[in-house]
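Residues per chain, in single letters:
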Amino acid sequence: MKIPCIDETWCKGCGLCISECPRGVLGWSGKRNRRGYNLPAVQQPEKCTACRMCELICPDLAIYVEEEEQCAKR
Amino acid sequence: MHPLGEKYLRKHTLPTIFCPGCGDGTVLSAFLRAVDELGIIDRLALVGGIGCSGWIPVYVNADTLHVLHGRAIPFATGLKVTGPDRKVVVFTGDGDCLAIGGNHFIHACRRNIDMTVVMLNNAIYGMTGGQVAPTSPHRARTQTSPYGNPEMPFDACKLAIAAGATYVARWTSGHPRQLTRAFKEAIMHPGFAFIEVLTQCPTQTGRYMKGGLDAPALLKDIRASVVGKERAASLPPEELADKVQIGTLHTEIRLEFTEALRRLSEGDGK
């Protein structure tokens, strides 16, 4: 199953992926990265249809849709 | 990082200078997709002017020029004339393209030189602190128009068509798929291609002009302010009064400048 993978190093916490997702897959994680930006997280992976809107809209190339196992490897 | 970023970006220049939620990053990402699908990174030459948008070429691992304010198009003209095989793409902002470099822009349109000019329009001078720009809407409140902007904004696409550009399109940073398609069409178009991208600037436009909107709300605001070209044809004029049309607005084929130069220098008997 494909889900959004979030690269916590480059994320700037703008929230565009959360607001642009048509299915409400993403939400705020409550965590922050090293630079202090709020991080999004996949909250409802079963709803994801891999439409890639989060990936296309992300201004920092910090999110991409991939197989779940591949995601953990990178 | 996204695989396209791994492939095409200069890692030591990251993170980008763009504020969180800036539309410029979305445009960069859409551009990388277009470059990847066309496979032209070896022939690509990027030119950036001054302003936030002028930084986009700096992050791409291709031939890059980052030049004087407003003078991105003249440098790009030089690049194209000396190496007609290059695919030249200029990234410029609304102030850089229409105010400081306005004259260069209209003359490049007139010459129909084969290059792509991408103008990122955030309707304000974002990098310098939120001053009124030639594209700021009428009555917009900015740092230098606290009582509302008395001027009327430029319609860059109409200007480009009138000046002779042969491919003109307008999209927003909320249309990434269409933007990638427009980049591919513009790069392959044999003549002057102009793409205006309406982008969100949460730091300046959002704060001063829109009363504190964040990036997701600004993007929705931009999407609500535009209407597709095909749909606009069926709408009554009163509904179109405060809407901006998006889509591929104009295409034509006309003699290209470097081709005209080549014919002149080789002497084709005319």
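Residues numbered from 1 in each chain as written. Chains lettered and ligands numbered in written order. Predicted model: local features only at pLDDT ≥ 70, side-chain atom pairs only at ≥ 80, totals over all residues.

1. Side note on the overall build of chain A
- A count of helical and extended segments in chain A gives three helices and four strands.
- Mapped from its N terminus to its C terminus, chain A presents α and β elements in the order β-α-β-β-α-β-α.
- Radius of gyration (C-alpha) of chain A: 11 Å, near the 11 Å computed for a compact globule of 74 residues.
- A separation of at least 24 residues holds for 62% of the contacts in chain A among residues at least 6 apart in sequence. (Helix = DSSP H or I, 4+ residues; strand = E, 2+ residues; numbered from the N terminus. Rg over C-alpha atoms; globule rule 2.2 N^0.38 Å. Contact = placed C-beta atoms within 7 Å.)

2. Focus: the overall build of chain B
- Helix and strand content of chain B: 13 helices and eight strands.
- Computed over its C-alpha atoms, the radius of gyration of chain B comes to 18 Å, within 12% of the 18 Å expected for a compact globule of 270 residues.
- The dimensions of chain B, computed from C-alpha atoms along their principal axes, are 60 × 45 × 35 Å.
- Burial status across chain B gives 50% buried among its 270 residues. (Buried ≥ 20, exposed ≤ 12 C-beta atoms within 10 Å, placed from the backbone.)

3. Section: the environment of B:Pro137
- Position of B:Pro137 relative to the elements: it lies in the loop between strand 4 (115-121) and helix 7 (156-163).
- Those residues in contact with B:Pro137 that sit more than four places away from it in its chain are B:Ala123, B:Asn149 and B:Pro153.

4. What to know about the nonpolar core
Residue and element names in this part refer to chain B.
- Of all hydrophobic cores here, the largest spans 95 residues; its most connected members are Val90, Val118, Phe194 and Ile195.
- Per-element tally for this core: the top contributor is helix 2 (residues 23-38), with seven residues.
- Not counting residues up to four positions away in its chain, the partners in contact with Phe194 are Val117, Ala160, Ala165, Tyr167 and Val168. (Core = buried A, V, L, I, M, F, W, Y, C linked by C-beta atoms within 7 Å.)

5. Here we look at unusual backbone geometry
- Cis peptide bonds are those with omega within 30 degrees of zero, and the linkage from B:Leu14 to B:Pro15 qualifies with 0°.
- Turning to its location among the elements, B:Pro15 is positioned in the loop between helix 1 (3-8) and helix 2.
- In this structure, A:Leu61 takes a positive phi of about 50° despite not being glycine.
- Relative to the helices and strands, A:Leu61 is located in the loop between helix 2 (53-57) and strand 4 (63-67).
- Since 26 C-beta atoms lie within 10 Å of it, A:Leu61 is described here as buried.
- In this model, B:Asn112 sits at a positive phi of 55°, which is unusual for a non-glycine residue.

6. Brief notes about the packing of helix 2 of chain B against helix 8 (residues 176-188) of chain B
Residue and element names in this part refer to chain B.
- Put simply, helix 2 and helix 8 touch, their axes get as near as 8 Å, and they point 50° apart. Judged by the angle between their axes, helix 2 and helix 8 are oblique. By crossing handedness, the relation of helix 2 to helix 8 is classed as right-handed. Residues Thr26, Val27, Ala30, Phe31, Arg33, Ala34, Glu37 and Leu38 of helix 2 form the contact with helix 8, whose participating residues are Pro176, Leu179, Thr180, Phe183, Lys184 and Ile187. (Axes fitted to C-alpha atoms, helices over the stretch in contact; angles between N-to-C directions. Parallel < 35°, antiparallel > 145°, perpendicular 65-115°, else oblique. Left-handed = near helix turned anticlockwise from the far one by under 90°.)

7. Considerations on the pairing of strand 4 of chain B
Residue and element names in this part refer to chain B.
- Among the seven residues that make up strand 4, seven are buried, leaving the element largely enclosed by the rest of the structure.
- In this sheet, strand 4 lies alongside strand 3 (residues 87-93) in parallel orientation, the contact comprising five bridges. The residue of strand 4 that forms the bridge with Val90 is Val117.
- Bridge count for strand 4 against strand 6 (residues 192-198) is seven bridges, and the pairing is parallel. Its bridge partner lying in strand 6, Thr116 is registered against Ala193. (Pairing = 2+ DSSP bridges.)

8. Details of the environment of B:Pro202
Residue and element names in this part refer to chain B.
- Topologically, Pro202 is positioned in the loop between strand 6 and helix 9 (205-209).
- Sequence-wise, Pro202 and Pro20 are 182 residues apart; in three dimensions their C-alpha atoms are separated by 8.1 Å.
- Excluding its chain neighbours within four sequence positions, the residues that come into contact with Pro202 are Cys19, Gly21, Asp214, Ala215 and Leu218.

9. Quick notes on the interface of chain B and chain A
- Across the contact, 22 residues belong to chain B and 18 residues belong to chain A.
- At the level of elements, helix 1, helix 2, helix 8 and helix 10 (215-224) of chain B are the ones that each hand at least two residues to the side of chain B that touches chain A.
- Sort the elements by how many residues they give to the side of chain B that touches chain A and helix 2 of chain B lands first, with five residues.
- A per-class count over the side of chain B that touches chain A returns twelve nonpolar, eight polar and two charged. (Nonpolar A, V, L, I, M, F, W, Y, C, P; charged D, E, K, R; others polar.)

10. Points about the sheet that holds strand 7 (residues 226-228) of chain B
Residues and elements named next belong to chain B.
- Pairing in this open sheet of eight strands is mixed, and the strands run 2-1-3-4-6-5-8-7 from one edge to the other. The sheet terminates laterally at strand 2 (63-66) and strand 7, the two strands that pair on one side only. Averaged over neighbouring strand pairs, the angle between their axes works out to 20° when direction is ignored.
- Alignment of strand 1 (residues 44-48) against strand 2, held across four bridges, turns out to be parallel. Bridged to Leu46 within strand 2 is Thr64.
- Where helix 4 (residues 72-82) meets the sheet, it contacts strand 1, strand 2, strand 3 and strand 4, and its direction lies at approximately 175° from that of strand 3.
- With respect to the sheet, helix 7 is in contact with strand 4, strand 5 (167-172), strand 6 and strand 8 (244-251), its orientation differing from that of strand 5 by roughly 175°.

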